[in-house]
Amino acid sequence: MAISDIELLKMQVETLFVADDFGRLRFVNEPYDDEARPAPNLFVGTARYGSIVRFGSDIPESVCKQIEVLIGDYVHIGDVRSNPPFLDDLMEVLRPYLKTDRVWEGPAYRFPKSMQSPHSGVRINNENSHLLKAELEIIDPVNQNSLNPL
């Protein structure tokens, strides 16, 4: 049985964040002290057949309802790199509650069951793992030190 895009979005948000008993986002699912990794104010995942919306624990219920109305039954059709039409209005509603002005955006991808192997790819092993150093560098949010595993 195939997993729907909406189910995949639910799995993504449940993997990325730790939520409270009411489904409100509390922390980023990373191995740091909880205070060092607060969750975002809002997660919106859009797909061809619907959207997933999760709110940070600090967002008032009245603001959550405003955002739900803005997003409505939005489905993402067309270029996955394009912003949804409600983004500017959504940011205006959220602005008084933002902890940061950073915005993270997708897209996230699903791959077909069978794919041809690319001919230009490089298989990473211990001898050439340095090729990934820049992409895998992790910064400790508390001490601002590099935690690069390579």
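Bear in mind the structure is a predicted one, so any value in this text is a computation, not a measurement. (Residues numbered from 1 in each chain as written. Predicted model: local features only at pLDDT ≥ 70, side-chain atom pairs only at ≥ 80, totals over all residues. Heavy atoms only, no water.)

S.K.: For the side chain of Asn128, give the residues involved together with the corresponding values.
M.R.: With respect to the helices, strands and loops of the structure, Asn128 is situated in the loop between α3 (87-94) and α4 (133-136). Of the polar contacts made by the side chain of Asn128, one reaches the backbone oxygen of Arg123; its length is 3.1 Å. With near-sequence residues (within four places) excluded, Asn128 lies in contact with Val122 and Arg123. (Helix = DSSP H or I, 4+ residues; strand = E, 2+ residues; numbered from the N terminus. Polar contact = N/O pair within 3.5 Å; in protein donor to acceptor, adjacent residues only side chain to side chain. Contact = heavy atoms within 4.5 Å.)

S.K.: Give a detailed account of the environment of Glu14, specifying residues and quantitative values.
M.R.: The topology assignment puts Glu14 in helix α1 (residues 5-16). Considering only alpha carbons, one finds Glu14 and Asn29, 15 residues apart in sequence, at a separation of 8.8 Å.

S.K.: I'd like to hear about the pairing of strand β4 (residues 50-55), residue by residue, with values.
M.R.: Relative to β4, strand β3 (residues 42-47) is paired through 6 bridges, and the arrangement is antiparallel. When the bridges of β4 are listed, Phe43 appears paired with Arg54. Hairpin connection from β3 to β4: 2 residues lie between these consecutive antiparallel strands. (Pairing = 2+ DSSP bridges.)

S.K.: Can you break down the nonpolar core residue by residue, with the values?
M.R.: Ranked by internal contacts, the top residues of the largest apolar core, which has 13 residues, are Leu42, Phe55, Ile67, Ile71, Leu90 and Leu94. At the level of secondary structure, the elements contributing two or more residues to this core comprise β4, α2 (61-71) and α3. Among the elements that make up this core, the one with the highest residue count is α2 (4 residues). Leave out the neighbours within four places in its chain, and Leu94 touches Asn41, Leu42, Ile59 and Ile67. Counting residues in each nonpolar core, the second largest holds 9 residues, with Leu9, Phe17, Leu25 and Phe43 among its members. (Core = buried A, V, L, I, M, F, W, Y, C linked by side-chain atoms within 4.5 Å. Buried < 20%, exposed > 50% of the residue type's maximum accessible area, 1.4 Å probe, protein only.)

S.K.: Can you explain the pattern of salt bridges? Please cite residues and give values.
M.R.: In total, this model carries 4 salt bridges according to the counting rule given. Among the ionic pairs, Lys10 bridges to Glu7, the shortest N-O distance being 3.6 Å. With Lys10 and Glu7 both in helix α1 and 3 residues apart, this pair spans about one turn of that helix. Given a relative accessible area of 37%, Glu7 falls into the partly exposed group. Between Arg95 and Glu92 there is a salt bridge, with its nearest N and O atoms 3.6 Å apart. Arg95 sits in the partly exposed class, given a relative accessible area of 45%. Through salt bridges with shared partners, one network takes in Arg24, Glu61 and Lys65. (Salt bridge = Lys/Arg side-chain N within 4 Å of Asp/Glu carboxyl O.)

S.K.: Which residues make up the packing of aromatic side chains, and what values go with them?
M.R.: Taken as a whole and judged by the stated rule, the model has 1 aromatic pair. Arranged with centres 6.0 Å apart and planes meeting at 65°, the rings of Phe17 and Phe43 form a pair that is edge-to-face. Taken together, the residues Phe17 in strand β1 (residues 17-19) and Phe43 in strand β3 connect sequence positions 26 residues apart. A relative accessible area of 13% places Phe17 in the buried class. For Phe43, a relative accessible area of 10% corresponds to the buried category. (Phe/Tyr/Trp six-rings, centres within 6.5 Å; stacked < 30°, edge-to-face > 60°.)

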